[in-house]
Structures are given as C-alpha cells and as structure tokens.
Amino acid sequence: MKDIQDLSKDLQKWEKELVNNLIEAQDEVANEIWQEIYQNANSNTGQFKLSIYKTPTELNSDGIIETGFGSNDWVISSSGKMYNLGWLLETGTSPHLIEPVPPNKTLHFVIDGKDVFTKRVNHPGTIAYNNFENAINNNHEEYRQKLKEAINKSIEEIFKWELIYKVY
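Novice: Is there a simple way to explain the overall build of the protein chain in this structure?
Specialist: Check the secondary structure of the protein chain and you find 5 helices and 10 strands. Computed over the C-alpha atoms, the radius of gyration of the protein chain is 25 Å, more than 25% above the 15 Å expected from 2.2 N^0.38 for a compact globule of 168 residues. Its C-alpha atoms put the protein chain at 85 × 30 × 25 Å along the principal axes. Burial status across the protein chain gives 26% buried among its 168 residues. Relative to all contacts within the protein chain whose residues are 6 or more apart in sequence, the contacts with residues 24 or more apart total 57%. Carbon and sulfur atoms form 54% of the exposed surface of the protein chain, whose accessible area is close to 11,900 Å². For the protein chain, the separation between the mean place of its 17 positive charges and that of its 25 negative charges on side chains is 5 Å.

Novice: Sorry, what's going on with the pattern of salt bridges here?
Specialist: Pairing of side chains with opposite charge becomes possible as their charged atoms draw close. Counted under the stated rule, the structure contains 4 salt bridges. Close ionic contact of Asp-10 with Lys-13 constitutes a salt bridge, the shortest N to O distance being 3.7 Å. Placement of the pair is Asp-10 and Lys-13 together in helix 1 (residues 4-40), with a separation of 3 residues, close to one helical turn. Ionic pairing is found between Arg-120 and Glu-99, a salt bridge with its closest N-O pair at 3.2 Å. Of the two residues, Arg-120 sits in the loop between strand 9 (114-118) and strand 10 (121-123) while Glu-99 sits in the loop between strand 7 (96-98) and strand 8 (107-111), which places them 21 residues apart along the sequence. With a relative accessible area of 28%, Glu-99 lands in the partly exposed category.

Novice: I would appreciate a short explanation of the nonpolar core in the present structure.
Specialist: Core analysis: the largest hydrophobic core is formed by 10 residues, namely Val-29, Ile-33, Ile-37, Ala-41, Phe-48, Ile-52, Leu-85, Leu-89, Phe-132 and Ala-135. Within the residue set of this core, elements represented by two or more residues are helix 1, helix 3 (85-91) and helix 4 (131-138). At 3 residues, helix 1 tops the list of elements feeding residues into this core. Among all residues touching Leu-89, those that are not within four sequence positions of it are Asn-42, Thr-45, Phe-48, Ile-127, Ala-128, Tyr-129 and Asn-130.

Novice: So what exactly am I meant to see when it comes to the pairing of strand 8 here?
Specialist: On a regular strand, each side chain points to the face opposite its neighbour's, so the side chains alternate between the two faces of the sheet. Two strands pair when backbone bridges link them, and strand 8 and strand 9 are joined in this way by 5 bridges, in the antiparallel orientation. What sits directly across from Ile-111, in strand 9, is Lys-114. Hairpin geometry of strand 8 and strand 9 is characterised by an intervening segment of 2 residues between the two adjacent antiparallel strands and by a positive phi of about 50° at Asp-112.

Cut-offs and rules
Residues numbered from 1 in each chain as written. Predicted model: local features only at pLDDT ≥ 70, side-chain atom pairs only at ≥ 80, totals over all residues. Heavy atoms only, no water. Helix = DSSP H or I, 4+ residues; strand = E, 2+ residues; numbered from the N terminus. Rg over C-alpha atoms; globule rule 2.2 N^0.38 Å. Buried < 20%, exposed > 50% of the residue type's maximum accessible area, 1.4 Å probe, protein only. Contact = heavy atoms within 4.5 Å. Areas by Shrake-Rupley, 256 points an atom, 1.4 Å probe, with all protein chains shown as cover. Lys, Arg positive; Asp, Glu negative; His and termini not counted. Charge placed at Lys NZ, Arg CZ, Asp CG, Glu CD. Salt bridge = Lys/Arg side-chain N within 4 Å of Asp/Glu carboxyl O. Core = buried A, V, L, I, M, F, W, Y, C linked by side-chain atoms within 4.5 Å. Pairing = 2+ DSSP bridges.

Read these as layout, nothing more, since geometry by itself doesn't imply function.
Here's what the structure looks like:
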C-alpha cells in the first residue's frame, strides 16, 4: 500500500510528464508555423528568407513554455542605426529617405539587371506583410487541439496508477 509521500512523488513525476508532453505539442505546431513563415517569406529581399529562425521550445525560468521566431537579417540606416529586416517587413515602414552610410558617398543597387548608383532615394515605404502573425494565427486551432491532446495523454497516465494510498 502506498502512503502520502508516494502520492507526492507520483504527482511530481506526472507534472514532469505533463510539461514534457506540452513542450512536445508546442514544438510540433511551432515547426509548422516556421514552415509557413518560411514558405510565405518575401524572397525579393536578398538573404531574408534564409535568415528566418525558430528557437527551441523549452520551459523558461518563469515556468512558461516558449518558442521564438525571428530573423537574423539586419540593415543599417543612413544614420547608422541597425534595423531587423524581419521586423520592418512584418510591420511595414512609412515613406523615408535612404542615403549612403559614410564613408560611402553613393548607394548601389540593381534594377532590372542594371546597376544603379545614386546619392539618395525617397523610399515610398512598404506595406506590412504580417507573415509571422498570420502563420501563428493560422495555426491557433491546431495548437489548441495539440495542447488538449497532450493534457489528455497525461491524464490517461495518471489513471494507470495504482491508486491505493494509506490515509492517517
């Protein structure tokens, strides 16, 4: 016959299993989200598509299961500030002036296969693609379903226990 200390140990094991099941479920959906983000990424922006990443799904120090998505593609403005291209594409930009970063005196880019050199560009701004947000929203119901399945799997485990405990 088991006593209350055994019950406490069993519950701790069950909690670890539940957390592992939830991490696994979240990671499965996160991989699908990453695939959707990658497939729908703007491919007219150099290396941006290749810079998209997903962090490992894990339990953080605050007890929250988290997965991150982002881009490692950075651009430098004419003032020397760095911006994440993924963020700019996700949220869009307002019209702005682009000038060369010193010591460069001209900008260089290619249009229709021809080299273009200029001292400044009046950029019209960009629309927000919302690629990351859309991928997350598109997978919301599947995420809820996977979490339910993970919880149910863990609950089934608890009912397999021999539930005979001594009460004092």
